[in-house]
Amino acid sequence: ADVTWNVSLWGKRRAFTEHVEKLAQEVAAKTDGKFEIVLHYGGALSKSRENLDGISFGAFEMAQFCASYHADKNPTLTVLELPFLGVSDLETEVKVSKALYDHPAVQKDLGRWNAKLLMPSPMPQYNFAGKGDVPGSISDFDGMRVRALGGLGKLMEAVGAVPTSVTASETYQAIDSGTVQAAGFAPHAHLSFKVVEVADWWTKNLNPGTVHCPIVVNVDAYNALPDDFKAALDASVDPALAHYLDTYAKVYDKWWPELENRGVTQVEFTDEELAAFSSKAGPIHEAWVAEQSANGLPAQELLDMVKKTIAE
Amino acid sequence: MMTIDPGGRSDQERPVTYIRFDGWLARVENAFNMFAAFSILALMLLAVAQVVGRVFNTPVPGFIDITEQAMAIFAFAGVAYCQRVGGHIRMEIVLGNLSGRTLYICELIGVILIAFTVALLIWGSWYHFERAWNIGDSTMDIRLPTWPSKLVIPVALSLLFLRLLMQIYGYARLIADPRRTPIAVPVIEGVEEHAKHEIEEAFGEDTKEGGSK
Amino acid sequence: MTPFDVGLLMTGVLLVLVILGVRVAFAAAFTGLVGLIIHFSMKMGFERGFFVALQMAGTIPHSKSVTYALSVLPTFILIGFLAFYAGFTKQLFEAAKRWLGWLPGGMAVGTVFSTAGFAAVSGASVATAAVFARVAIPEMLNAGYSKRLSAAVVAAGGTLASLIPPSAILVIYAILVEQSVGKLLIAGFLPGVFSALIYVGIIVAVSAWRGDAPPVKGYTWMERIESVPGTLPIIAVVAIIFCSFFFGWATPTEAGALGAFVVLMVAFAKGMKTKQLGQALHETAKLTVMIFTLIWGVLVYVRFLGFAGLPEAFKDFIVALEFSPWIVMICILLAYAVLGMFMDAIGMLILTLPVVYPAVMALNGGESVSAADSAFGMSGEACAIWFGILVVKMAELCLITPPIGLNCFVVSGVRPDIPVQEVFRGCIPFFVADVLTIAGLLAFPSIITILPTLMG
Ligand code: NA
Ligand code: NA
């Protein structure tokens, strides 16, 4: 190969990384193998939380990370992690992510890390799975110990829940033993962290929000690409995302039967309940705008743009 | 500070400045190690508070974030102290069979190599701190800034670097004259002496009155 | 030179440096750093490559040390250093003697159980041997036991520390191979008990045959029951830690902290002074920083290996071997036994696992292999746990074998009247017992895997 790029990923190969696999294939095909993208799993090149650091000094050319791992490294991206933005499906999330990536303030934010946003890894909405009494209404979360980090934790706190520190890999044991009563994850994480095996219930339509995990590339490496390689990379993004969405749909092929087989109660809250719950998000949005405006970011503009794009 | 020369030499022969600097450095190292020790005690109490608090539905907010950031203290603060007392493990099958100038030359090369590595790591870990300081970085749950704990690394490694410089000088003066009494360098002990030290550590103060010697 | 060649070259450099006696943590960091510089210089020229390597290496000490799972280590170490001041040893030995003294070689049997019990909380093999050399050997000698047996049983009993939870070395293994810390710690429990039982079997058999280790009889049930309360704190600590993991009541760090807190309270109640607490804390901090330095130092080297692709290549090499996986496994274990003769157990594990572990997993059929499709008849996770316990057992074995079986030197050091050769000779039956144990663990992996499996 004329050009070899290394990609820093954590964990095993899974639905969450399938767009990068596809991207590497597409790029190789388009350049007759002259542009090779090599995936390194398991944090072999960097811990997930230091992927932006590695990108900044060019240890590898491409990496994945989640905005919530280090909100202050990437404040503009956290707008997509605010609760109750109203993202209904992964397609919408792709759309709003791309719009956000085009915004100059966001490009400047990531530019500090010498990083250019290539594509999102859209994640479905978080929902809570828990053990014990099935919550019939939002008020039942009052006093419940939940594993919910960052913004989601704040939202749950607003309805009286008690956010409790538990690492993701310890969640299964923590729920089983009652250390926490419920945990918020996307469905695939409920599966991989085995929460579903101990859960009695799952909030089917709470949909409070999700995390945002982009793929970025090193700006210098990108600019140094010959024009045809650059074109091949850019043109591979859409097929990669299409493949990702297909793969992700299959996660749900496992998810629904899993819930059925294990007899997990699927809780659906009424529209009034959800409206009351989402009203708690208002102050959190305002606080975000106030904080990021104080940091000199066009926060209100970003939030309005995100909301408008989602509504379109 | 040492006032009587263990080798029984006159004042002119003793590296006075060196001994004084060594004593000063040792105090800083002891303080750093004690700081690490207290951070361990604090971690213990915080974790007990977390368990008890959880029972009453008031867990410590961001317990994992706090613990992780505090870990930099006990993972690094004692690193120079540990080097001084020869606590970082190594294999002694070759060194244990050397003596005199040959031994000190090997020791010197080893310490120079460590000092080189540590110098570069101070530089590199300073960059790591600088990014968090200049651009921003925070923990996942309660968004603690990470720069203070990242700063611990270059600071602790700098202290280690000073200790290594002392040891370089310490071995250099022994190479110049192997009959000198070693000062401020760890001395290799055979397995019997090692065992003796382990025993002293296990029994603490009462070794002297016990029947072990 | 390909990146792989650089990887191989630097691994050779590391081996030479370690053998020449450079402190392992820094030898590894040096090799990793130089390797990264060569790697990036080949890719982008020295001027840029040097700085990329510098910054890459510079992220690792913080990134790899500041990991929640590792925060359990100092709490376990603290338990060990405080356990001595809490004065568990005498009561434990007294209780074991009263309850088990009636067996042939009964005092020695009691010593095995009390060392195992103390080892459980102290986690320190060598220190356990030192303490019991003083507590148990005089009583055994008074009862007419031979010096050889008395000394050997103390040296061997101390080796049980690393298997019975809490165990720092199992925590390190779990984190290096990214398995559940709780499961590894629980997994050590039965093999630890199993080892102790095999020791007991050997003592009883040899004593009954030779008749030189008389039973101690005549304790009433009342006297036996009276000896129990003194052992309660130790039982409490083991129970806290075991239950926390097994039932998931607390994370390892929380359990370790609770255990340390209990031991601290008992130690204060037994009259430990602030100065002694200071000493225990100082020693805890020293051992903690030694382990952390070793971890990040080796991980600088491992990061370089990641760029060079060496673990992958070693894995492919092992899998491509023409021998049966069982033969390869036994060879790996023997290699650990040899290495353990020259190196501290923790250093040996941290240094070798990043390369050896992926190969062992591949040998079994991969990380996510099912028991049915695997070479050793167990799932990837079970294999990881099984291998961990075996390796730790191998490392412990080296504490009672020449040339540097430290436990034997320690026992002989506490009892100058017993020459170290005598202790080594006395340890031969226990060495045989350990070989039997390892064979048993190889043949019946469920001794190791059953408890972690029950955890789910
Ligand atoms: Na133990
Ligand atoms: Na050993």
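Details of the structure are given in the entry above.
Rules behind the numbers
Residues numbered from 1 in each chain as written. Chains lettered and ligands numbered in written order. Predicted model: local features only at pLDDT ≥ 70, side-chain atom pairs only at ≥ 80, totals over all residues. Heavy atoms only, no water. Helix = DSSP H or I, 4+ residues; strand = E, 2+ residues; numbered from the N terminus. Rg over C-alpha atoms; globule rule 2.2 N^0.38 Å. Contact = heavy atoms within 4.5 Å. Areas by Shrake-Rupley, 256 points an atom, 1.4 Å probe, with all protein chains shown as cover. Buried area = accessible area lost by both parts, 1.4 Å probe. Salt bridge = Lys/Arg side-chain N within 4 Å of Asp/Glu carboxyl O. Expected span 1.5 Å × (residues − 1). Buried < 20%, exposed > 50% of the residue type's maximum accessible area, 1.4 Å probe, protein only. Arc of directions from axis to C-beta. Nonpolar A, V, L, I, M, F, W, Y, C, P; charged D, E, K, R; others polar. 1 Å grid on protein atoms, 1.4 Å probe; cavity = no way out; pocket = protein on both sides within 12 Å on 5 of 7 lines; lining within 4 Å. Points joined across faces, edges and corners; volume = space filled by probe spheres on them. Polar contact = N/O pair within 3.5 Å; in protein donor to acceptor, adjacent residues only side chain to side chain. Pairing = 2+ DSSP bridges. Axes fitted to C-alpha atoms, helices over the stretch in contact; angles between N-to-C directions. Parallel < 35°, antiparallel > 145°, perpendicular 65-115°, else oblique. Left-handed = near helix turned anticlockwise from the far one by under 90°. Phe/Tyr/Trp six-rings, centres within 6.5 Å; stacked < 30°, edge-to-face > 60°. Disulfide = S-S within 2.5 Å.

Draft legend 1. Here's a closer look at the overall build of chain C. Helix and strand counts for chain C come out as 23 helices and 0 strands. Against the 2.2 N^0.38 benchmark of 23 Å for 456 residues, chain C shows a C-alpha radius of gyration of 23 Å, consistent with a compact globule. Dimensions of chain C, computed from the C-alpha atoms along their principal axes, are close to 80 × 55 × 45 Å. Taking the intrachain contacts of chain C between residues at least 6 apart in sequence as the baseline, contacts between residues at least 24 apart amount to 77%. Summed over its atoms, the accessible surface of chain C is roughly 14,900 Å², and 71% of this surface lies on carbon and sulfur atoms.

Draft legend 2. Layout of the interface of chain C and chain B. Taken together, the contacts link 75 residues of chain C with 75 residues of chain B. Regarding the contact of chain C and chain B, the summed buried area is about 6,700 Å², with carbon and sulfur atoms giving 76% of it. The salt bridge involving E254(C) is made with R54(B); its shortest N-O contact spans 2.9 Å. Among the elements of the structure, helix 1 (3-19), helix 2 (24-44), helix 3 (46-65), helix 4 (72-85), helix 7 (125-135), helix 14 (252-269), helix 15 (274-308) and helix 20 (406-414) of chain C are those that each provide at least two residues to the side of chain C that touches chain B. The element contributing the most residues to the side of chain C that touches chain B is helix 15 of chain C, with 16 residues.

Draft legend 3. Structural view of helix 13 (residues 299-311) of chain A. Residues and elements named next belong to chain A. The first and last C-alpha atoms of helix 13 sit 18 Å apart over 13 residues, in line with the 18 Å expected at 1.5 Å per residue. Regarding helix 13, the residues found buried are A299, L302, L303, M305, V306, T309 and I310. Burial along helix 13 is one-sided: seen end-on, the buried residues are contained in an arc of 160°. Of the exposed residues in helix 13, the ones pointing more than 90 degrees away from its buried face are K308 and A311. Turning to helix 13, the residues buried within the fold contact helix 3 (90-101), helix 4 (104-111) and helix 12 (281-294).

Draft legend 4. The arrangement of the interface of chain B and chain A in detail. Counting from both sides, the interface comprises 18 residues of chain B and, opposite them, 27 residues of chain A. The three residues of chain B that bury the most area against chain A are I135(B), M140(B) and R143(B), which together make up 32% of that side's buried surface. Counting across the interface, chain B meets chain A through 5 salt bridges. Of the charged contacts in the structure, one is a salt bridge between R49(A) and E68(B), with a shortest N-O distance of 3.1 Å. In terms of residue count, the dominant contributor to the side of chain B that touches chain A is helix 2 (residues 63-76) of chain B (3 residues). Residues belonging to the side of chain B that touches chain A are distributed by class as follows: 5 nonpolar, 7 polar and 6 charged.

Draft legend 5. Spatial organisation of empty space enclosed by the protein. Counting across every chain of the model gives 2 cavities of 30 Å³ or more. Considering only enclosed or pocket space, the largest cavity measures out at about 130 Å³ in volume. Together, 15 residues line the largest cavity, and R49(A), E50(A), D137(B), T146(B) and H62(C) are the ones closest to its centre. The residue inventory of the lining of the largest cavity, partitioned by class, reads 2 nonpolar, 7 polar and 6 charged. Volume-wise, the second largest cavity comes out at about 40 Å³. Forming the walls of the second largest cavity are S46(A), K47(A), E50(A), D53(A), G54(A), F57(A), M56(C), T59(C), I60(C), S63(C) and R303(C). Looking at the lining of the second largest cavity element by element, the count peaks at 4 residues for helix 3 of chain C. Looking at the lining of the second largest cavity residue by residue, the class counts come to 3 nonpolar, 4 polar and 4 charged.

Draft legend 6. Broad picture of the side chain of H128(B). Checked against the element boundaries, H128(B) lands in helix 4 (residues 100-134). A polar atom in the side chain of H128(B) sits 2.9 Å from the side chain of R131(B). Contact partners of H128(B), with chain neighbours within four places excluded, come to E50(A), D53(A), K150(B), G58(C), T59(C) and H62(C).

Draft legend 7. A look at the sheet that holds strand 10 (residues 214-218) of chain A. Residue and element names in this part refer to chain A. If you trace the 5 strands from one edge of the open sheet to the other, you get 2-1-3-10-4, paired in mixed fashion. Single-partner strands in this sheet number two, and they are strand 2 (35-40) and strand 4 (115-120). Strand-to-strand twist in this sheet, taken as the mean axis angle between neighbours without regard to direction, amounts to 25°. Against the sheet, helix 1 (residues 18-30) makes contact with strand 1 (3-8), strand 2, strand 3 (62-64), strand 4 and strand 10, and its axis sits at roughly 160° relative to strand 2, the strand it touches most.

Draft legend 8. Region of interest: unusual backbone geometry. The omega torsion of the bond from P165(C) to P166(C) falls at 0°, within 30 degrees of zero and hence cis. Structurally, the position occupied by P166(C) is in the loop between helix 9 (147-157) and helix 10 (168-176). One non-glycine residue, R143(B), lies in the positive phi region at around 55°. Turning to its location among the elements, R143(B) is positioned in the loop between helix 4 and helix 5 (147-176). Exposure remark for R143(B): the relative accessible area of 26% places this residue in the partly exposed category. Despite not being glycine, A184(B) has its phi angle at roughly 60°, a positive value. Looking at where A184(B) falls in the secondary structure, it is placed in the loop between helix 5 and helix 6 (191-203).

Draft legend 9. Highlighting the packing of helix 10 of chain C against helix 18 (residues 345-364) of chain C. Residue and element names in this part refer to chain C. One can describe the packing of helix 10 onto helix 18 by two numbers: an axis separation of 10 Å at closest approach and a directional angle of 20°. When the interaxial angle is binned, helix 10 and helix 18 end up roughly parallel. Crossing of helix 10 against helix 18: the hand is right-handed. Note on element contacts: helix 18 touches helix 10 through A345, I346, L349, I350, L353 and Y357, opposite I169, I172, Y173 and L176.

Draft legend 10. Local environment of the sheet that holds strand 7 (residues 162-163) of chain A. Residues and elements named next belong to chain A. Spatially, the 6 strands line up as an open sheet ordered 7-6-8-5-9-11, and their pairing is mixed. Each edge of the sheet is formed by a strand with only one pairing partner; in this case those strands are strand 7 and strand 11 (265-267). Bridge analysis of strand 6 (residues 145-147) against strand 8 (residues 182-185) gives 2 bridges, and the strand direction is parallel. In the sheet register, V146 faces strand 8, and the bridge partner there is A182.

Draft legend 11. Here's a closer look at the packing of aromatic side chains. Residues and elements named next belong to chain A. Tallied over the entire structure, the rule returns 43 aromatic pairs over all chains. A ring pair is formed by W5 and F35, whose centres lie 5.2 Å apart and whose planes are at 80°; its orientation type is edge-to-face. With W5 in strand 1 and F35 in strand 2, this pair connects stretches of sequence that are 30 residues apart. Residue classification places F35 among the buried positions, given a relative accessible area of 0%. Ring plane angle 55° and centroid distance 6.0 Å describe the contact between F128 and F141, whose orientation is recorded as tilted.

Draft legend 12. Representation of the state of the cysteines. Taken as a whole, this structure holds 1 disulfide over all chains when the rule is applied. One disulfide in the model links C66(A) with C213(A); its S-S distance is 2.0 Å. Disulfide C66(A)-C213(A): torsion about the S-S bond near 95°, hence right-handed. Of this pair, C66(A) sits in the loop between strand 3 and helix 3 while C213(A) sits in the loop between strand 9 (201-203) and strand 10, and the two are 147 residues apart along the sequence. Each member of the pair, C66(A) as well as C213(A), carries the same accessibility label: buried. No disulfide involves C383(C); its nearest neighbouring cysteine sulfur is the one of C331(C), lying 16 Å away. Free of any disulfide, C398(C) has its nearest neighbouring cysteine sulfur in C408(C), separated by 12 Å.

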